[in-house]
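Reading the structure
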Amino acid sequence: MSSRKKALITGITGQDGSYLAEFLLGKGYEVFGLIRRSSSFNTNRVDHLYKDPHEKNTCLKLIYGDLADASSVSHVVRDVAPDEIYNLGAQSHVRVSFDVPEYTGEITALGTTRLLEAVRDCGCKAKFYQASSSEMYGKVLETPQSEKTPFYPRSPYGAAKVYSHWMTVNYREAYGLFACNGILFNHESPRRGETFVTRKITMALARIKHDLQKKIFLGNLDAKRDWGFAGDYVEAMWLMLQQKEADDYVVATGETHSVKEFLQVAFDYADLDWKKYVEIDKRYFRPTEVDLLLGDASKARRKLKWKPKVGFKELVRMMVDADMGLVEREVYGLKGKR
């Protein structure tokens, strides 16, 4: 019988899920990742982490399930009997949530309830982590934002995350579950999806540098965010579940930078003038905008002994380097060279 701790991760194929799986495997965990059945594979972010699935000593296992289906969620929780559950699964794109508000609520909000109810119903002692979001603050009522700042979501995504956040608190208080909310401010990496503004910028820059693209179309350049590195933030998730008592924590850098600043650092690093390549497209503006997010992570620093390691400029340059490498391989592939 294995003495390894077992962790169940929903959203394992996403940016955070892949970094978290990597982190937990490094800690000696047996990791189970929940994935939906699909006609195409979407495991590229974790492909480097698992061995031949027929090997008995594989420490990462991908299992089918769906946060929209209570019975499948319940079966997975019972079968895995995890020590820790990290709920990262969601329809996670803020702009898209305006187009599919009902689906966003179904997965991002009710999916959390199905998972919490499965834990309660099966009686397993799993510690539960809920991925809350700085988007819950929305039209911010104070700056910086802490665990005590009231929520004022400005998108279906933000509203769904508020629901999940309070359901997690309710299951903790009503049923005694060890359930934590990590209120994570924006966190990026080379594994960020290409539809998110940071990765959209670095990928477009790489393609512009290699004459594969002429322009990049963006929305509100004045929006300010507290941007950190996703690889740093997954450590905070884990630390929350190692505490004696469950609690909620803001995870942030405490610095704010605009989209325009991100552009400036990225294009300067590539010796280009961003103003020559960027055009504003109103399609990328949100119906209700979140202008400024700035997190106060002093509680996490004090209680979890956590702090970010990667700074803003280092993060931007890391993403530019990764996408330059990706596009170079694409170009060489197109030209039949190496």
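Residues numbered from 1 in each chain as written. Predicted model: local features only at pLDDT ≥ 70, side-chain atom pairs only at ≥ 80, totals over all residues. Heavy atoms only, no water.

**Thoughts on the overall build of the protein chain**
Secondary structure assignment for the protein chain yields 10 helices and 13 strands. Computed over the C-alpha atoms, the radius of gyration of the protein chain is 20 Å, within 12% of the 20 Å expected from 2.2 N^0.38 for a compact globule of 338 residues. Referenced to the eigenvectors of the C-alpha coordinate spread, the extents of the protein chain come out at roughly 60 × 50 × 40 Å. Of all 338 residues assigned to the protein chain, the portion counted as buried reaches 52%. Intrachain contacts of the protein chain at a sequence separation of at least 6 include 80% that bridge at least 24 residues. Accessible surface computed for the protein chain: about 16,300 Å², of which carbon and sulfur atoms make up 50%. Taking the average location of the 51 positive side-chain charges in the protein chain and that of its 45 negative ones, the two points are 2 Å from each other. (Helix = DSSP H or I, 4+ residues; strand = E, 2+ residues; numbered from the N terminus. Rg over C-alpha atoms; globule rule 2.2 N^0.38 Å. Buried < 20%, exposed > 50% of the residue type's maximum accessible area, 1.4 Å probe, protein only. Contact = heavy atoms within 4.5 Å. Areas by Shrake-Rupley, 256 points an atom, 1.4 Å probe, with all protein chains shown as cover. Lys, Arg positive; Asp, Glu negative; His and termini not counted. Charge placed at Lys NZ, Arg CZ, Asp CG, Glu CD.)

**Here we look at the sheet that holds strand β4 (residues 84–87)**
Note: strands within a sheet are paired through backbone hydrogen bonds, in either parallel or antiparallel orientation. On the basis of which strands lie adjacent, the open sheet formed by 7 strands has the order β3-β2-β1-β4-β5-β6-β11 and parallel pairing. A strand with exactly one partner marks an edge of an open sheet, and here the two such strands are β3 (60–64) and β11 (248–251). In this sheet, neighbouring strand axes are inclined to one another by 20 degrees on average, regardless of whether the strands run parallel or antiparallel. Contacts between helix α7 (residues 230–240) and the sheet are confined to β4, β5 (127–133), β6 (179–184) and β11, with β6 contributing the most and set at about 160 degrees to the helix. (Pairing = 2+ DSSP bridges. Axes fitted to C-alpha atoms, helices over the stretch in contact; angles between N-to-C directions.)

**A few points about the nonpolar core**
Of all hydrophobic cores here, the largest spans 76 residues; its most connected members are I9, L24, Y86, Y129, I201, F267 and W306. Residues L8, L67, A118 and Y171 belong to the second largest nonpolar core, which totals 21 residues. (Core = buried A, V, L, I, M, F, W, Y, C linked by side-chain atoms within 4.5 Å.)

**A look at the pattern of salt bridges**
All told, the structure shown has 18 salt bridges when counted by the stated rule. Among the ionic pairs, R120 bridges to E117, the shortest N-O distance being 2.5 Å. Placement of both R120 and E117 in helix α4 (residues 101–122) is noted, with a separation of 3 residues, approximately one turn of the helix. Look at R120 and you get partly exposed, because its relative accessible area is 32%. The class of E117 is partly exposed, set by a relative accessible area of 27%. Note that R172 is salt-bridged to D248, the shortest N-O span being 2.9 Å. Separated by 76 residues along the polypeptide, R172 in helix α5 (residues 156–175) and D248 in strand β11 bring together distant segments of the chain. (Salt bridge = Lys/Arg side-chain N within 4 Å of Asp/Glu carboxyl O.)

**Some points on unusual backbone geometry**
Omega for the bond connecting T143 with P144 falls within 30 degrees of zero, at 0 degrees, which places this linkage in the cis form. Structurally, P144 can be placed in the loop between β5 and α5. Located in the positive-phi region is D211, a residue other than glycine, with phi close to 60 degrees. Tracing the backbone shows D211 in the loop between α6 (197–209) and β8 (216–218). Accessibility expressed as a relative area gives 62% for D211, which makes it exposed. Not every positive phi belongs to a glycine, and K305 is a case in point at roughly 60 degrees. Secondary-structure assignment places K305 in the loop between α9 (298–304) and α10 (312–335). The exposure class of K305 is exposed, given its relative accessible area of 70%.

**What about α6?**
At 3.6 residues per turn, the α-helix brings residues three or four places apart onto the same side. Between its terminal C-alpha atoms α6 stretches 18 Å, which fits the 18 Å expected from 13 residues at 1.5 Å a residue. When we look at burial in α6, the residues that qualify are T198, R199, I201, T202, M203, A204, L205, A206 and I208. Remark: D211 follows α6 within two positions and exhibits a positive phi of approximately 60 degrees. (Expected span 1.5 Å × (residues − 1).)

**Digging into the pairing of β4**
Every second residue of β4 is oriented toward a common face, with E84 and Y86 on one face and I85 and N87 on the other, all of them buried. Bridge count between strand β1 (residues 6–10) and β4: 4 bridges; the pairing is parallel. Paired with T10 across the bridge in β4 is N87. Both β4 and β5 contribute to a ladder of 4 bridges, which runs parallel. Looking across to β5, one finds that N87 is bridged to Q130.

**With respect to the side chain of R45**
Note that R45 resides in the loop between β2 (30–35) and β3. Buried within the structure, R45 lacks any salt-bridge partner; E194 is the closest side chain of opposite charge, at an N-O distance of 8.0 Å. Here the side chain of R45 touches T13 through a polar contact of 2.9 Å, landing on its backbone oxygen. There is a polar contact of 2.7 Å between the side chain of R45 and the backbone oxygen of R191. Excluding residues within four positions of it along the chain, R45 makes contact with T13, G14, Q15, S18, R191, R192 and G193. (Polar contact = N/O pair within 3.5 Å; in protein donor to acceptor, adjacent residues only side chain to side chain.)

**Points about α7**
Burial analysis of α7 places 9 of its 11 residues in the buried class, the great majority of the element. Looking at α7, one finds that the buried residues are A230, D232, Y233, V234, A236, M237, W238, L239 and M240.

**A closer look at the environment of L294**
Secondary-structure assignment places L294 in the loop between β13 (278–280) and α9. For L294, a relative accessible area of 15% puts it in the buried group. The sequence separation of L294 and H257 amounts to 37 residues, and the corresponding C-alpha distance is 9.2 Å. Non-local contacts of L294, meaning those with residues more than four positions away in its chain, are made with T143, P144, Q145, F185, D226, G254, E255 and T256.

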